[in-house]
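# Tertiary structure, described
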Amino acid sequence: MIFSLVSYRIDMDTSASGLTGYAALLSAFKAWGITTCTGATGGGLPHLLQQGEARVTSKEGPRFFTLGEYAAGFVPLGSYLATGTLGCCVATTGAATKLLSCGLSAAKLHDLPAVFLVPRVSATGDGPFSSQDTSAWGNNLVEQLEADLPGGVFPLDQPSTLIPRLHQAQKRLQRSKPVVLVIEPVALAQRTGVEACLFSSIRPSEPNPVRVRHFVETFREAADDGRRVVILAGEELARVPRAGRLTTRLCELLGAPIIWSINGANGVERHNPMGHGYICLGGNDAALSLWSSIDEDDILLVLGTCPDENTVNLQTYAAGQTFVVTSIDDGFGQTNGSLAHRARHAFHQWVTPLDSALHALVEHLSIRPPRTLRVRPGPPDLNGAQRAPPRPGHVDLRQFFTRLDELWEPGTIGFDDICLSYRTRPYVTQRPHANARFFSLYRGSALGNVLGLCIGARQASPESHIVGFTGDGCFRLFAGCLSEASTHDLLLFVLDNGSYGTVEPGVPLSPPGLTAQLQPNSLTRMDFGEVARACGWMAFDLKPNLANLNAIMGLHRARPGQSILVTVPVDNTQVLGPTSPLDYSRHVATGSAMTTRRR
């Protein structure tokens, strides 16, 4: 929500010395590489924006991009996933702050650094902001945020503590954690007593050579015992430059099959012969069969932690020895800084930069490959089950994603919303694409995240091709923000099946006897193209036989700066891959004959 600018003055304190709080905050933003603040202004925010306006003209301060707060909460996440660039989103107090919180939860659950900035009124509770009471007697702002993000909320409410708290926030960002900066305009207008403050850019930590060497030697000793090694590529691997080349070489040296999470696929090469597919909801048959075969005789090497429901269905690691390498201390799913509680048997974990660990492991094993029990390469087709086609008049999702997989150009960055796409696209395409990186923020299940993610990626990487897949249910959560993205050169596909397609598989698991009204998975039909065109987008309906797909893709390439929305009519009865945790468990428990255990 956008509030009008309250008519009052905040006078700068000229009696004290040093930088003002505003100057210190903007200095931190500059050092952290924040070039854009996204959200809706009002409340205590205009005064910060006014301070930054002069810096924007001299290219020293962040510019402001107006966007509804729900979508804005995901913009810094799209920026970071696309390029590793830190972003900031802003909101006024009250309900506006709550709209940012879905993006905040996604950042927390996926260990993504981002800055969420909100104002609060003075602790005295009086003055022109009294109608937006942020105290414990009002909307209890700081306490609510602390409940969402323990240890990650930093009130900038005192000149004497402002700079130290910004340094604390910087350390947290360095650990791949989001932060919330709660500003008080009166406090930021005052002098800090410090003439200069030094902040640093957010960059990966330096490796500890002793720790890396210990990891390599311990793993080598275990792998040299004639055991099979299975590699699980977690989502942290997507942040490692040229990770695909390293994982291919590692598989070759170990004779090890590799499986990957939705985001971990970005650290695997398509032509890696040991690739067995996605392990998630909608996972590939070969990958699920391999996962179900792991037992005490095996070694599991997890590159970047992935203990979540959509990857391993919250199952414990069944290998006799599990090795976890993560660059994030106290990351998602860890207890007391460890995932030992997720392993059934022997467990080893190293917190170290993944790139250095991978390079060291490949270099060490190349000198003398270990005597592992080597496994056959993955089959050309990673899916063995037959799947029924859709009903007439609908797009076949197998054909749709297969055709698109042939059309991605180099530099493509894509996002799957919490819709049919995030479980169907991986199942159909089976392996990552050399030209395209795809991400999904599925932890937290925040529908409608795709527009903010696409905008963030576009802001951080203007030269990339940005594409998003969303559902007809997700669309309703960001449709009001389409106008702001009409010139962002986005390509957005809306999978329209007239229902909450990701919910439907769970409806039969509901208590028996529920009426249709208590199973609200159906949606009223709407014309997505008309909505998009009214917001300045070009829009098309994809033909069921895909006859106009090539023309749409060609038009998108020929019209830079013009966003395009494509409605895809899909059949809610077409099921591809495991669709729910229960379905996933049945598939894993049953296994298949696709993966031969030993060579």
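First, a word on what this report is: a plain description of the structure on this page. Being a predicted model, the structure only gives us computed values, none of them experimental.

A count of helical and extended segments in the protein chain gives 20 helices and 18 strands. Here the protein chain, with 599 residues, has 57% of them falling under the buried criterion. When contacts within the protein chain are restricted to residue pairs at least 6 apart in sequence, long-range pairs at least 24 apart make up 81% of them. For the protein chain, the exposed surface amounts to about 23300 Å²; the carbon and sulfur share of it is 53%.

Moving on, we get to the sheet that holds strand β10 (residues 298–303). Strand order in this open sheet of six strands is β9-β8-β7-β10-β11-β12, and the pairing throughout is parallel. Each edge of the sheet is formed by a strand with only one pairing partner; in this case those strands are β9 (275–278) and β12 (346–351). Ignoring strand direction, the axes of neighbouring strands in this sheet form an average angle of 15 degrees. The sheet contact formed by β10 and strand β11 (residues 321–326) spans five bridges and is parallel. Within β11, the residue paired with Leu303 across the bridge is Val325. The strands touched by helix α10 (residues 243–254) within the sheet are β7 (228–233), β8 (258–260) and β10, with β7 carrying the most contacts at an inclination of about 165 degrees.

The phi dihedral of Asp330 is positive, around 60 degrees, even though this residue is not glycine. Inspection of the secondary structure assignment puts Asp330 in the loop between β11 and β12. What makes Asp330 partly exposed here is its relative accessible area of 39%. Of note, Asn336 is a non-glycine position whose phi angle comes to about 55 degrees, a positive value. Structurally, Asn336 is set in the loop between β11 and β12.

Here the structure, examined in full by the defined rule, presents 20 aromatic pairs. On the basis of an interplanar angle of 85 degrees and a centroid distance of 6.3 Å, the ring pair of Trp291 and Tyr317 is categorised as edge-to-face. Taken together, the residues span a long stretch of sequence, with Trp291 in helix α11 (residues 285–293) and Tyr317 in the loop between α12 (309–312) and β11 at a distance of 26 residues. Of the two residues, Trp291 and Tyr317, neither departs from the other in class, the shared state being buried. Taken together, the ring pairs connect Phe400, Phe401, Trp408, Phe438, Phe469 and Phe493 into an aromatic cluster.

Moving on, we get to the pattern of salt bridges. Counted according to the given criterion, the structure contains 21 salt bridges. Its salt-bridge partner being Arg120, residue Glu184 comes within 2.8 Å of it at the nearest N-O pair. You can see Glu184 sitting in the loop between β6 (179–183) and α8 (185–188) and its partner Arg120 sitting in the loop between β4 (115–119) and α6 (141–148), a full 64 residues away along the chain. Across the pair, Arg120 and Glu184 agree in class, each one buried. Close ionic contact of Asp224 with Arg220 constitutes a salt bridge, the shortest N to O distance being 4.0 Å. A single burial state applies to Asp224 and to Arg220, both of which are buried. In this structure, a network of salt bridges that share partners links the residues Arg120, Asp157, Arg165 and Glu184.

Quick look at the pairing of β10 now. Among the six residues in β10, six count as buried, and that is most of the element. Going residue by residue along β10, you find Asp298, Leu300 and Val302 tucked away on one face and Ile299, Leu301 and Leu303 tucked away on the opposite face as well. As judged from the six bridges shared by β7 and β10, these two strands associate in the parallel manner. Looking at the pairing, Arg228 lines up with Asp298 of β10.

As a further point, take α6. Those residues of α6 lying buried are Leu141, Val142 and Leu145. Taken down its axis, α6 places every buried residue within 90 degrees of arc, on the same side. Buried-residue contacts for α6 involve α5 (95–109), β4, β5 (153–156) and β6.

The rules behind the values
- Residues numbered from 1 in each chain as written.
- Predicted model: local features only at pLDDT ≥ 70, side-chain atom pairs only at ≥ 80, totals over all residues.
- Heavy atoms only, no water.
- Helix = DSSP H or I, 4+ residues; strand = E, 2+ residues; numbered from the N terminus.
- Buried < 20%, exposed > 50% of the residue type's maximum accessible area, 1.4 Å probe, protein only.
- Contact = heavy atoms within 4.5 Å.
- Areas by Shrake-Rupley, 256 points an atom, 1.4 Å probe, with all protein chains shown as cover.
- Pairing = 2+ DSSP bridges.
- Axes fitted to C-alpha atoms, helices over the stretch in contact; angles between N-to-C directions.
- Phe/Tyr/Trp six-rings, centres within 6.5 Å; stacked < 30°, edge-to-face > 60°.
- Salt bridge = Lys/Arg side-chain N within 4 Å of Asp/Glu carboxyl O.
- Arc of directions from axis to C-beta.

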